[in-house]
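Overview (structure and organization)
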Amino acid sequence: MSLGPDEFDLDPTLCHLNHAAVGPWPRRAAEAVSRFSEENSRLGSLHYPRWLATEHRLRERLARLVGADSATDIALAKNTSEALSIIAYGLTWQPGDEIVGIAQEFPSNRVVWESLATRGVAWKALDLDGSADPETDLFALCTPRTRMIAVSWVQYARGLRLDLARIGAFCRANGILFCVDAIQGLGALPFDLSRADVDFVVADGHKWMLGPEGLALLYVRPSLRHTLVLHQFGWHMLEHSGNFDRRDWEPAEDARRFECGSPNLLGVHALEASLAVIEEVGIEQVWRELQLRTAHLIEGIDRHGLELLSPRSTERRAGIVTFRVPGRPAAEIYPELMQRRVLCAQRGGGIRFSPHFYTPFEVIDRALGEVLSLAAH
Ligand SMILES: Cc1ncc(COP(=O)(O)O)c(C=O)c1O
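Quantities reported herein were computed from a predicted structural model and do not represent experimental measurements. (Residues numbered from 1 in each chain as written. Predicted model: local features only at pLDDT ≥ 70, side-chain atom pairs only at ≥ 80, totals over all residues. Heavy atoms only, no water.)

Moving on: the sheet that holds strand S7 (residues 200-204). If you trace the 7 strands from one edge of the open sheet to the other, you get S2-S8-S7-S6-S5-S3-S4, paired in mixed fashion. Only two strands of the sheet have a single neighbouring strand rather than two, namely strand S2 (74-77) and strand S4 (122-126). Strand-to-strand twist across the sheet, computed as the mean angle between neighbouring axes with direction ignored, equals 20 degrees. Bridge analysis of S2 against strand S8 (residues 216-220) gives 4 bridges, and the strand direction is antiparallel. Directly across from Ala77, in S8, lies its bridge partner Ala216. Sitting on the sheet, helix H3 (residues 80-90) touches S2, strand S5 (146-152), strand S6 (177-181), S7 and S8, and the angle it makes with S7 is about 160 degrees. (Pairing = 2+ DSSP bridges. Helix = DSSP H or I, 4+ residues; strand = E, 2+ residues; numbered from the N terminus. Axes fitted to C-alpha atoms, helices over the stretch in contact; angles between N-to-C directions. Contact = heavy atoms within 4.5 Å.)

As a further point, take the site of the ligand. Neighbouring residues of the ligand: 13 residues in total, closest Thr80, Ser81, Asp181, Gln184 and Lys207. Between an oxygen atom of the ligand and a side-chain N or O atom of Asp204, the distance comes to 3.5 Å. With the chains in place, 88% of the 400 Å² that the ligand exposes on its own is no longer accessible. A breakdown of the residues in the shell around the ligand according to their chemical character gives 3 nonpolar, 7 polar and 3 charged. (Near = heavy atom within 4 Å. Polar contact = N/O pair within 3.5 Å; in protein donor to acceptor, adjacent residues only side chain to side chain. Areas by Shrake-Rupley, 256 points an atom, 1.4 Å probe, with all protein chains shown as cover. Nonpolar A, V, L, I, M, F, W, Y, C, P; charged D, E, K, R; others polar.)

Moving on, we come to the domain arrangement of the protein chain. Assigned domains of the protein chain: these are domain 1 (15-26 + 282-375) and domain 2 (32-280). Taking only C-alpha atoms, the centre of domain 1 and the centre of domain 2 are 27 Å apart. Facing the 33 residues of domain 1 at the interface are 33 residues of domain 2. Surface buried jointly by domain 1 and domain 2 totals about 2600 Å² across both partners, of which 60% is contributed by carbon and sulfur atoms. Considering only the surface of domain 1 that becomes buried against domain 2, Trp25, Ile283 and Arg316 emerge as the three largest contributors, covering 25% of it. One can count 1 salt bridge joining domain 1 with domain 2. Here Glu135 ties to Arg316 by a salt bridge, and the two come within 2.6 Å at their closest N and O atoms. Across the contact surface, domain 1 and domain 2 share 19 residue pairs in polar contact (both at pLDDT 80 or more). When residues of the side of domain 1 that touches domain 2 are assigned to their parent elements, the largest contribution, 5 residues, is made by helix H10 (residues 283-303). Residues belonging to the side of domain 1 that touches domain 2 are distributed by class as follows: 16 nonpolar, 10 polar and 7 charged. (Domains from an automatic or database assignment. Buried area = accessible area lost by both parts, 1.4 Å probe. Salt bridge = Lys/Arg side-chain N within 4 Å of Asp/Glu carboxyl O.)

This is the structure we're talking about:
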């Protein structure tokens, strides 16, 4: 199936290179939301069971995307930060426990672990600058007191991709939990829980999955589900959630136990439609197309004498390409690019471009052209 820019409604004057921040919705997601909105205003919740069927389809799509055994292993959280907090405050820590992570992480994947200092837990962070082999350096930080390695699959600022299978194997061999913030990779490249041997996976849908903000995947390895202490309670997380008359209660056996109240069905309709696009193209194909685009971008960066800050090796790359313009600080260039309708970000000491599988090559060339004209100033 050939899917490309036609699935998107992007303004042709815009160069959208910002999927690592907030991705655009495919047409289908916008249409699903319009239909949902119309239905709400005309029929209210008459077809609520149909909405729940859409929610179930979303869980199935997310389960396939991460390689989970069942849709019932997938919980829907508000966002990545909430999902990480459910894990951090669900686990039982002992004073002196350690969590190993990365110093340059996005704040959500740092502060939650640092906040556990009040319980005597230490967050030890690898400085990526000067680390030629981040996995080995992460392992070197681990001690017998290390309970968890918590990292992003792909670093948000410069796009370094970690070898999850290698970290997972180390964690398994050493009795360490493994928590992955997958927001900068899911929807862009294939992920496989069984290969990566990950205990916890979290990711909001608004970046590479092309969904709305405010709806995130929370996967907890089923054998660990019951070890997480719950801190949010309500009707929806109960085993017998539909029986409001029942006075005795217990949390649901499945991952729904992490969802305390009414689901975000508006977001569900959007993200389900967005993931339908990704599944129809196929995640392997998405990844192949994305690699062609990042390679094209890097080739342009090299050819024009810009300084690549992202990893050069294909094993280390994902969809993020960050670069510097010699002689012009990113803080100067960034607002000018945005003014010229090049939607990008200022991250990691440079300009971050993040195309997706459908991004026309012409858009990449046009954006690079704008960079070059600014560089010449
Ligand atoms: C690595 C990483 N984690 C989390 C987030 C966002 O977290 P949330 O879904 O809580 O908004 C981002 C957004 O840039 C990110 O890059």
